Amino acid sequence: MEAKLKAALGFSVIKSKESKGGGCISEARVFETENGEIFVKMHTETKANIMFEGELEGLKTIQKTKTVRVPTPVKVVDLKSYGTAIVMEYIDMSGLSRYPEQLGEQLAKMHLFNTSLHTSDSSVHKSEEDEGKLSYIDKFGFHTTTCCGYIEQVNCWKEDWVEFYTQQRLDHQIKLLQSTYQDRELTELWSELVLKIPGYFEGIDVKPSLLHGDLWSGNVGETKDGPIIFDPAVFYGHSEFELAIADMFGGFPRSFYNAYHTILPKQQNFDKRKDLYKLFHCLNHWNHFGGGYRSSSLSIMKRLLKNS
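Quick notes on the rules
Residues numbered from 1 in each chain as written. Predicted model: local features only at pLDDT ≥ 70, side-chain atom pairs only at ≥ 80, totals over all residues. Heavy atoms only, no water. Helix = DSSP H or I, 4+ residues; strand = E, 2+ residues; numbered from the N terminus. Rg over C-alpha atoms; globule rule 2.2 N^0.38 Å. Buried < 20%, exposed > 50% of the residue type's maximum accessible area, 1.4 Å probe, protein only. Contact = heavy atoms within 4.5 Å. Areas by Shrake-Rupley, 256 points an atom, 1.4 Å probe, with all protein chains shown as cover. Core = buried A, V, L, I, M, F, W, Y, C linked by side-chain atoms within 4.5 Å. Axes fitted to C-alpha atoms, helices over the stretch in contact; angles between N-to-C directions. Left-handed = near helix turned anticlockwise from the far one by under 90°. Nonpolar A, V, L, I, M, F, W, Y, C, P; charged D, E, K, R; others polar.

### Digging into the overall build of the protein chain
Of regular secondary structure, the protein chain possesses nine helices and 11 strands. Against the globule reference of 19 Å for 308 residues, the protein chain gives a C-alpha radius of gyration of 20 Å, in line with a compact fold. By its C-alpha atoms, the protein chain is 60 × 45 × 40 Å across when sized along the principal axes. Residues classed as buried in the protein chain amount to 51% of the 308 residues present. Considering only contacts in the protein chain between residues 6 or more positions apart, those separated by 24 or more positions represent 63%. Carbon together with sulfur atoms contributes 48% to the accessible area of the protein chain, which is approximately 14,100 Å² in total.

### Points about the nonpolar core
Grouped together as the largest cluster of nonpolar side chains are 72 residues, with contacts concentrated most on Trp161, Leu170, Phe201 and Met301. A total of eight residues in this core trace back to one element, the largest contributor, which is helix 8 (residues 270-289). Aside from chain neighbours lying at most four places away, what touches Trp161 is Phe140, Phe201, Val206, Phe235, Tyr236, Gly237, His238 and Tyr277.

### Notes on the side chain of Asn284
Relative to the helices and strands, Asn284 is located in helix 8. Apart from the residues lying within four places of it in its own chain, the contact partners of Asn284 are Cys148, Ile151 and Gln173.

### Concerning the packing of helix 5 (residues 184-196) against helix 9 (residues 294-306)
Any two packed helices are characterised by how steeply their axes cross, that is the angle between the axes, and by the distance between the axes. Two numbers describe how helix 5 lies on helix 9: the axes approach to 10 Å, and their chain directions differ by 35°. Relative to helix 9, helix 5 is oriented so that their crossing is left-handed. Counting all contacts with helix 5, which are made through Glu185, Leu186, Leu189, Trp190, Glu192, Leu193 and Lys196, the residues of helix 9 involved are Arg294, Leu298, Met301, Lys302, Leu304 and Leu305. Looking at the contact of helix 5 with helix 9 residue by residue, the classes come out as eight nonpolar, no polar and five charged.

Set out below in structure tokens:
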């Protein structure tokens, strides 16, 4: 493995130092090089290159906003028999404890960054790599495939957020589930809920925001200098989507939310839409980890129908 990394990265010295957590689906190691330490996350699945190329693009795009720190991405490397790897800056970090308020402020600024670029009617639906800057994005999606876990997200550009979220997030997950489980109750609930979704967005104007996409406490950390986010599933979407998984699994104190909403206040029916956004993550976890998430998924759907 070291020899393949040397060849791909152009280092003369690469020495394995220690194993690190690579999330729920990957393994990772820290390597020493002549230029310092690097973090290498590996996966052996055949489509790991798609997952890691999407992560690379997501990290690069977030970094260009200069709002919240992410590890600097380096390269995706084909390790042949060892699988595929993404190489990035190694950051010695701990769990979020001292900087939740700062993270809330930085996250809100990241969500507003795209809107701040809207200085003309022109738009480009991809990153401006030549100048190292981002251009205003007027649609929902992303310029490449990204993954939430190992499942590919459908990021085709759409002008309408409700259409994008309904078809390319919820319906996509449900079709994957039905191909495995043929769950009649899921089908019946979805056929009712899909008609109700537009009503949750009455009276609000959703603008495309750059999203981390999988912001639970396991994908957040800090150094002595401030917060860090990593393992993204990036796309341009509704800013409120970001807070759903943060709320589902906890780990974010009230000060985080207060700081965020000071900059981006809640809009009407915020709490109802939070359930709608939690539904995606429950369905995604059901697809990843099995029927243990069936009950929570169906419960959210029933609650959404009851409150519609």
